[in-house]
Amino acid sequence: QAQTSQQADNKNQDSLRFEQDDQDTSVTLINNNLYLTPAIVADSALGDISSELTDALRRGSRVSLGLDTVRGVRTQIRGKNFDLRLGTGDLGELSGSPYSGYRQTDGRLSWIGASHRLGDDFVFGVQVDQLDSFNKTVNANPKISSAALALNYDSDDEHNKKLRITVLNSQHTDEVKQTTQAQGAYLEGGFQLGRYSHEFGAYKAEPELYFGGNHLSSDQQGAYWSFNREGSRFTYS
């Protein structure tokens, strides 16, 4: 799929003027369900896409490791018990309406992540991201390297028990080659008892913690517990 759009500019009436900008263009080529073997499938995309998270990192509630818009390439290789995702691209944003186009911002994001199912209820996963700034000079190349590891337990029994442990590490190198390290750990869980649904967790993170280009800027440590029953909700944190 491909699309391009351009807004007209009326220089004689201020109310009809637009910002002077380049033509907005978006191009994406997608191929899904390419069978590499009878049990292994690949999904690929080229063009204006989003970054990805491996399956084990997509299930959190307290810690959110968001996605970014990039112009690049990505591939997902998946089987019955595993998931492998990798890609790279220039960071940007999709702007304009009704036909949004890609506009480059700052940085080049690369990622590789994998998840593996352990038995019926456990999923283990790890992902490494690196953000390099391509708008800087050769002698000043700030970058952010980050890694995340997660172990999930998710039971399908009548109590709907789930537990997740996530550990994060990041290293930020600024323009003067100063390096800042940061770590974080998150415990999240939940279960169902009759009509009551419970969620709980505890977390601790250092201030300069990043994942990809996302600064995890919430409070640094704490704990929480909440339960729901037929529209009523109680939360303590």
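Cut-offs used in this document
- Residues numbered from 1 in each chain as written.
- Predicted model: local features only at pLDDT ≥ 70, side-chain atom pairs only at ≥ 80, totals over all residues.
- Heavy atoms only, no water.
- Helix = DSSP H or I, 4+ residues; strand = E, 2+ residues; numbered from the N terminus.
- Buried < 20%, exposed > 50% of the residue type's maximum accessible area, 1.4 Å probe, protein only.
- Contact = heavy atoms within 4.5 Å.
- Areas by Shrake-Rupley, 256 points an atom, 1.4 Å probe, with all protein chains shown as cover.
- Salt bridge = Lys/Arg side-chain N within 4 Å of Asp/Glu carboxyl O.
- Core = buried A, V, L, I, M, F, W, Y, C linked by side-chain atoms within 4.5 Å.
- Polar contact = N/O pair within 3.5 Å; in protein donor to acceptor, adjacent residues only side chain to side chain.
- Phe/Tyr/Trp six-rings, centres within 6.5 Å; stacked < 30°, edge-to-face > 60°.

**Brief notes about the overall build of the protein chain**
Inference 1: Secondary structure summary: the protein chain contains zero helices and 15 strands in total.
Inference 2: Counting only residues that meet the buried cut, the protein chain has 30% of its 237 residues in that class.
Inference 3: In the protein chain, 47% of the contacts between residues at least 6 apart in sequence involve partners at least 24 apart.
Inference 4: For the protein chain, the exposed area adds up to about 14300 Å²; of that, 51% sits on carbon and sulfur atoms.

**Here we look at the side chain of serine 155**
Inference 1: In this fold, serine 155 is placed in the loop between strand E8 (143-154) and strand E9 (162-173).
Inference 2: Accessibility expressed as a relative area gives 6% for serine 155, which makes it buried.
Inference 3: What serine 155 contacts, discounting residues up to four positions off in sequence, is Asp121, Asn160 and Lys161.

**A closer look at the pattern of salt bridges**
Inference 1: Applying the stated criterion across every chain, the model contains eight salt bridges.
Inference 2: Aspartate 43 is paired through a salt bridge with arginine 78; the nearest N and O atoms lie 3.0 Å apart. On the criterion of sequence distance, the pair formed by aspartate 43 in strand E3 (residues 40-50) and arginine 78 in strand E4 (residues 69-78) is long-range, its members being 35 residues apart.
Inference 3: Overall, arginine 78 belongs to the partly exposed group, its relative accessible area being 27%.
Inference 4: Between aspartate 83 and arginine 85 there is a salt bridge, with its nearest N and O atoms 3.2 Å apart.
Inference 5: Given the relative accessible area of 6%, arginine 85 is considered buried.
Inference 6: Because the salt bridges share partners, they merge into one network encompassing Glu52, Asp55, Arg74, Asp83 and Arg85.

**Let's talk about the nonpolar core**
Inference 1: Counting residues in each nonpolar core, the largest one holds 17 residues, and the members touching the most others are Leu57, Leu65, Leu168, Tyr186, Leu209, Phe211 and Leu216.
Inference 2: Going through the elements one at a time, E8, strand E10 (179-193) and strand E11 (196-205) are the ones with two or more residues in this core.
Inference 3: Residue contacts for leucine 168: discarding those within four places in its chain leaves Val63, Leu65, Ala147, Ala148, Ala182, Gln183, Gly184, Tyr186, Leu209, Phe211 and Leu216.
Inference 4: In this structure, Ala45, Ile49, Val70 and Leu91 belong to the second largest nonpolar core, which totals nine residues.

**Examining the side chain of arginine 164**
Inference 1: Relative to the helices and strands, arginine 164 resides in strand E9.
Inference 2: In this structure arginine 164 comes out as buried when scored by relative accessible area, which is 3%.
Inference 3: A polar contact of 2.9 Å, which involves the side chain of arginine 164, links it to the side chain of threonine 166.

**Looking at the environment of arginine 85**
Inference 1: With respect to the element layout, arginine 85 can be found in strand E5 (residues 82-95).
Inference 2: C-alpha of arginine 85 to C-alpha of alanine 42: the two residues are 43 residues apart in sequence and 9.7 Å apart in space.
Inference 3: Apart from the residues within four sequence positions on either side, arginine 85 is in contact with Glu52, Leu53, Thr54, Asp55, Arg58, Thr75, Gln76, Trp111, Ile112 and Gly113.
Inference 4: At 3.1 Å, the side chain of arginine 85 forms a polar contact with the side chain of glutamate 52.

**A closer look at the packing of aromatic side chains**
Inference 1: Taken as a whole and judged by the stated rule, the model has seven aromatic pairs.
Inference 2: When the centroid spacing of 6.3 Å and the interplanar angle of 55 degrees are considered together, the rings of phenylalanine 191 and phenylalanine 200 count as tilted.
Inference 3: What makes phenylalanine 200 partly exposed here is its relative accessible area of 27%.
Inference 4: Seen from their ring centres, phenylalanine 227 and phenylalanine 234 are 5.7 Å apart, and the 40 degrees between their planes marks the pair as tilted.
Inference 5: Residue classification places phenylalanine 227 among the partly exposed positions, given a relative accessible area of 21%.
Inference 6: The partly exposed category is assigned to phenylalanine 234, whose relative accessible area is 39%.
Inference 7: Three or more aromatic residues link up through ring pairs in this structure, and these residues are Tyr196, Trp225, Phe227 and Phe234.

**Description of unusual backbone geometry**
Comment: phi is negative for the bulk of residues other than glycine, and the bulk of peptide bonds are trans.
Inference 1: In the Ramachandran plot, asparagine 33 falls in the positive-phi region, its phi being about 60 degrees despite a non-glycine side chain.
Inference 2: Looking at where asparagine 33 falls in the secondary structure, it is placed in strand E2 (residues 24-37).
Inference 3: Judged by its relative accessible area of 47%, asparagine 33 is partly exposed.

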